[in-house]
Amino acid sequence: MSNPEIQNVLATPMELGECPVWDAAGAILYWVDIPGKAVHRLHPASGAHAHWPMPTEPGCIALQANGGLIVALRSGLAHLDTDTGMLRSLLPAPYETGTTRFNDGRCDAAGRLWVGTIFEPKSHAGASLFCFEHGQLRDVHHPVTTSNGVAFSCDGKTLYHADTPAHRILAYDYDNSSGQIGAARLFHQFPSDKTALGYGGRPDGAAVDSEDAYWCAMFEGGRLLRLSRSGEILQEVPLPVRCPTMIAFGGNDLRTLYITTGRQNRSAAELAQYPLSGHLLSMRVAVPGCREFSYVP
């Protein structure tokens, strides 16, 4: 299989681009720059780009069913009115903000936002996974160090959840009607020796396509992987950056894969070798993705 052509979508790089979300109704892509403390919006057809500064780092965003975005900030959950730019606080952070912040997340088919955290000292699994449902937040007690890769199977019966420093993705039985998580199984364990020849990176953000394959950005691996329902690698796509962070299916046919990337804390030598680090990239794929669900207040 030939490798797809990678496009640079936006001239301005992010420090650490994350959580791209496609709004099909407006044909708009949203994403965040975490250390840049901003939410970004791009209308690909016209090239119109806008951004909103945030008071603290945004870990992820989700579309809200009645308009605007839910923004998971270090300081807590907020609603961003994308017409006026007004940011309204919803809930304070459920953790110590000096060591922890919200990270990757995604909505399920019932309109719940599942959002994880990152424990920045990385000394132990001090982060978790939370569910935001109808204005209430609950900790589902999935201990991790860096929560990533939240995604759902097409039938809504499987929840995927990655712990990036552990180089591991787990799959859980999931009941979409109740929002309850069941038994876990190991979906994929990646080699964790960063000094090994051919080290392939660790699992960061993800998305599921319409054939139920799990696409995963491999941070420091310079590649995307497409995995089967059983966790087997179906496809590998090399990238012109070392640190892809997350992906989203967009475009009218959901066959444009948008890829956020990072340049924060990368060496001068690496940035010289990979000048597109931090840029928003895209490529065309054969299998369309699934539409993003919205948070229901």
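In what follows, the structure referred to is the one given above.
Scope of this entry: the structure provided in the associated data block. Position labels on residues start from 1 in each chain and follow its written sequence. With the structure being a predicted model, the display of local features is reserved for residues of pLDDT at least 70 and the display and counting of side-chain atom pairs for 80 or more, all residues being used for whole-chain, interface and lining totals. Values reported for side chains reflect all heavy atoms of the structure, with hydrogen atoms and water molecules removed beforehand.

Turning next to the sheet that holds strand 23 (residues 256-261). In sheet architecture, strand pairing relies on hydrogen bonds along the backbone and comes in two forms, parallel and antiparallel. Pairing between strands is defined by DSSP: at least two bridges between them are needed. Numbered from the N terminus, helices here are DSSP runs of H or I no shorter than four residues, and strands are runs of E no shorter than two. Spatially, the four strands line up as an open sheet ordered 1-24-23-22, and their pairing is antiparallel. Single-partner strands in this sheet number two, and they are strand 1 (7-8) and strand 22 (244-250). With six bridges connecting them, strand 22 and strand 23 associate as antiparallel partners. Paired with P244 across the two strands is T261, which belongs to strand 23.

What follows covers the sheet that holds strand 11 (residues 113-119). The strand order across the open sheet formed by four strands is 10-11-12-13, and the pairing between neighbours is antiparallel. Each end of this open sheet is capped by a strand with a single partner; those strands are strand 10 (100-107) and strand 13 (136-139). Sheet twist, expressed as the average angle between the axes of neighbouring strands with direction ignored, equals 30 degrees. Alignment of strand 12 (residues 129-133) against strand 13, held across four bridges, turns out to be antiparallel. Across the sheet, C131 pairs through a bridge with R138, a residue of strand 13. Here the axes come from fitting lines to C-alpha atoms, over the contacting stretch only for helices, and the angles between their N-to-C directions go from 0 to 180 degrees.

Each salt bridge in this description consists of a side-chain nitrogen of Lys or Arg and a carboxyl oxygen of Asp or Glu lying within 4 Å of one another. Applying the stated criterion across every chain yields a total of 16 salt bridges. Across the pair R223 and E236 runs a salt bridge, and its minimum N-O distance is 3.6 Å. Of this pair, R223 sits in strand 20 (residues 223-227) while E236 sits in strand 21 (residues 233-238), and the two are 13 residues apart along the sequence. Judged by relative accessible area, which is 14%, R223 ranks as buried. By relative accessible area, which is 43% here, E236 ends up partly exposed. Exposure classes here rest on a 1.4 Å probe applied to the protein chains alone. A residue is buried below 20% of its type maximum, exposed above 50%, and partly exposed in between.

What follows is about the packing of aromatic side chains. When two rings of Phe, Tyr or Trp (its six-membered ring) have centres within 6.5 Å they constitute a pair, described as stacked for plane angles under 30 degrees, edge-to-face for angles over 60, and tilted for the intermediate range. Across all of its chains, the model carries 10 aromatic pairs by this definition. Ring centres of F132 and Y295 lie 4.7 Å apart, and the angle between their planes is 5 degrees; on these two criteria the pair is classed as stacked. Of this pair, F132 sits in strand 12 while Y295 sits in the segment after strand 24 (281-284), and the two are 163 residues apart along the sequence. Each of the two residues, F132 as well as Y295, counts as buried. One aromatic cluster is present, built from ring pairs that chain together Y95, F102 and F130.

Before going further, it helps to examine the environment of Q7. Mapped onto the elements, Q7 comes out in strand 1. Its relative accessible area of 38% is what places Q7 among the partly exposed residues. Each C-alpha atom of the pair Q7 and L281 lies 5.5 Å from the other, and the pair is 274 residues apart in sequence. Residue contacts for Q7: discarding those within four places in its chain leaves L280, L281 and S282. Polar contact is the term for a pair of N or O atoms within 3.5 Å; when the atoms are in protein, one must be able to donate a hydrogen and the other to accept it, and sequence-neighboring residues count only if both atoms are side-chain atoms. Separated by 3.0 Å, the side chains of Q7 and E5 make a polar contact. Note on contacts: a residue pair qualifies if any of its non-hydrogen atoms lie within 4.5 Å across the two residues.

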